[in-house]
Amino acid sequence: KASKKQSKRIQVFSHRMYQEALETLAIQRDLPSAIRNGQIKPVFQPIVCCDSGEIVGFEALARWQHKERGAISPCRFIPMAEESNLIVELGEQVLTQACQFIQHLNQMRSDQQKPALSVHVNFSAHHFSSTALLDNLVSTLEKTKLSPEQLVIEITESMLIERPAESVKRMEQIKQLGVNLALDDFGTGYSALNTLCQYPLDVVKLDRSFVLRLMDGQQGEALVRAIINMAKDLNLPMVAEGVETYEQMLKIKALGVSEIQGFYYYRPMPAEEVFALFEKNAADKTSLM
Ligand code: C2E
Ligand code: MG
Ligand code: MG
Ligand code: MG
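Keep in mind the model is a prediction, meaning the values are calculated, not measured. (Residues numbered from 1 in each chain as written. Chains lettered and ligands numbered in written order. Predicted model: local features only at pLDDT ≥ 70, side-chain atom pairs only at ≥ 80, totals over all residues. Heavy atoms only, no water.)

## Overview of the coordination of the magnesium ion (ligand 3)
Here is the rule we go by: For Na, K and Ca the donor cut-off is 3.2 Å, and for all other metals it is 2.8 Å, counting N, O and S atoms only; because water is absent from this set, sites may look incomplete.
Here the magnesium ion (ligand 3) is held by the protein donor atoms Asp184 (OD), Asp185 (OD), Glu241 (OE) and Glu241 (OE), which lie 2.1 to 2.5 Å from it. Donor residues for the magnesium ion (ligand 3), ordered by position in the chain, follow D-D-x55-E.

Written out as structure tokens, the structure reads:
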């Protein structure tokens, strides 16, 4: 009786695995042409200043609108693209579109006295270490006429740990262009004080998992506070990722985090939606612009 039940379960399991494998193959098959045909585009999630409540920047997040499969998550296709050299081409596309987006938005509100908004772009290890990166960055900034300080390149700790010496060199080259650097998913890797001191960083992004742990009670909160204070002691501004609720927002603010990126404020939006939001707010004469 038990073995019959078990074999049935194995059947269901293997069928699902088979379906998943098929889907993975199909996504893999369609990825090169999707990149070539510009079917993968960034959406933009606002980053909000805790003190003023105003939008200070955006993160560009890649989205693949597949004809048959609908929206495919970057968690699925970015690792695939990373396995091949496709990631460099995809990274360049997202970078160009992100620069165009923020340049356009800043021009829309250029008559305002407020500081320019910045755009964050995620870089993969391959893209970050590619030989053509610096030339491409310079030409993208020229082409889009964007001031380099309005661009923030997000890298992760694992990229730094694999090749520390080369990473520092690359980071310094990027900094020399005037472009800013952010450490993404902070706290999930080997994050230690010396990681933060060693590298020329402008901002760290607290991973969403810590925002969740804040609600775990005292122990969770003590851990998150220690991580936040580490960045504070080094005078590194911090963006808390994945803030979804009012309670989380209050706690994050109380711990002295400077900026928040999360569904509580905004979800990622297509560029046109961001433009419309800013136009509407300019018309309403509210403070957004
Ligand atoms: P990430 O860079 O850490 O980006 C933040 C992720 O958290 C995004 O997921 C965003 O939509 C999500 N998020 C933001 N606020 C909330 C919230 O309040 N609640 C929840 N549940 N999620 C929130 P997304 O867009 O699915 O991207 C996942 C990851 O894929 C990114 O993590 C990044 O590592 C990678 N990725 C996305 N776009 C690119 C890209 O253009 N290039 C590269 N190399 N990687 C990318
Ligand atoms: Mg990121
Ligand atoms: Mg992150
Ligand atoms: Mg993350």
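## Points about helix α10 (residues 218-233)
What counts is decided by this rule: A run of DSSP states H or I qualifies as a helix once it reaches four residues; a run of E qualifies as a strand once it reaches two. Both are numbered from the N-terminal end. How far a helix is expected to stretch is found by multiplying one less than its residue total by 1.5 Å. Type-normalised accessible area, obtained with a 1.4 Å probe on protein chains alone, sets the label of each residue: buried when under 20%, exposed when over 50%, and partly exposed for intermediate values. To be clear, the arc concerns the directions from the helix axis to the C-beta atoms.
Given a rise of 1.5 Å per residue, 16 residues ought to cover 22 Å, and the 22 Å separating the end C-alpha atoms of α10 matches this to within 8%. Here α10 has its buried residues at Gly220, Val224, Ile227, Ile228 and Ala231. Each buried residue of α10 sits inside an arc of 95° when the element is viewed along its axis, so together they form one side. Within α10, the exposed residues directed more than 90 degrees away from the buried face are Gln218, Gln219 and Asp233.

## Comments concerning the site of ligand 1
The cut-off we apply is this: We call a residue near a molecule or strand whenever a single non-hydrogen atom of that residue lies within 4 Å of it. In protein, a polar contact means a hydrogen-donor-capable atom and an acceptor-capable atom, both N or O and within 3.5 Å, with residues adjacent in sequence counting only if both atoms are side-chain atoms; elsewhere, any N or O pair within 3.5 Å suffices. Here, Shrake-Rupley sampling with a 1.4 Å probe gives the accessible areas, and only protein chains in the shown set may cover a residue.
Among the 23 residues in the neighbourhood of ligand 1, the closest are listed as Arg63, Asn122, Asp184, Glu244 and Phe263. Between Glu59 and ligand 1, the recorded distance is 3.1 Å, taken from a side-chain N or O atom to an oxygen atom. Phe263 has a polar backbone atom sitting 2.8 Å from an oxygen atom of ligand 1. When ligand 1 sits alone it has 800 Å² of accessible area, and the protein chains cover 82% of it. Broken down by secondary-structure element, the contributors of at least two residues to the shell around ligand 1 are β2 (55-66), α2 (74-83) and β6 (180-186).

## Some words on the pairing of strand β5 (residues 151-156)
Keep this limit in mind: Any two strands between which DSSP finds at least two bridges are classified as paired.
Within β5, 5 of the 6 residues are buried, which leaves the element mostly enclosed by the surrounding structure. Where strand β4 (residues 118-122) meets β5, 4 bridges bridge the pair, whose relative direction is parallel. Note that in β5 the partner of Asn122 across the bridge is Glu154. Pairing analysis gives 5 bridges linking β5 to β6, with the strands arranged parallel. Directly across from Val152, in β6, lies its bridge partner Asn180.

## Points about the side chain of Thr140
For clarity, the threshold we go by: Residues count as neighbours in contact if any of their non-hydrogen atoms are within 4.5 Å of one another.
Structurally, Thr140 is set in helix α5 (residues 133-144). By relative accessible area, which is 3% here, Thr140 ends up buried. If we skip the residues at most four places from it in the chain, Thr140 touches Glu92, Leu95, Thr96 and Cys99.

## Here we look at the packing of α5 against helix α7 (residues 164-176)
Stated formally: Axes here refer to lines fitted to C-alpha atoms; in helices the fit is confined to the stretch in contact. Angles between the N-to-C directions go from 0 to 180 degrees. Roughly parallel here means an angle under 35 degrees, roughly antiparallel means over 145, roughly perpendicular means 65 to 115, and every remaining angle is called oblique. Two helices crossing with the near one rotated counterclockwise from the far one by less than a right angle form a left-handed crossing, whereas a clockwise rotation gives a right-handed crossing. Polar here means any residue outside two lists: the nonpolar Ala, Val, Leu, Ile, Met, Phe, Trp, Tyr, Cys and Pro, and the charged Asp, Glu, Lys and Arg; Gly therefore counts as polar.
Following both chains from N to C, one finds α5 and α7 inclined at 20°, their axes separated by 11 Å at the closest point. With respect to α7, the axis of α5 lies roughly parallel. The two elements α5 and α7 meet at a crossing, and its hand is right-handed. In this structure, α5 uses Leu133, Leu134 and Leu137 to contact α7, whose residues at the interface are Arg170, Gln173 and Ile174. Along the lines of polarity and charge, the residues of the contact of α5 with α7 split into 4 nonpolar, 1 polar and 1 charged.

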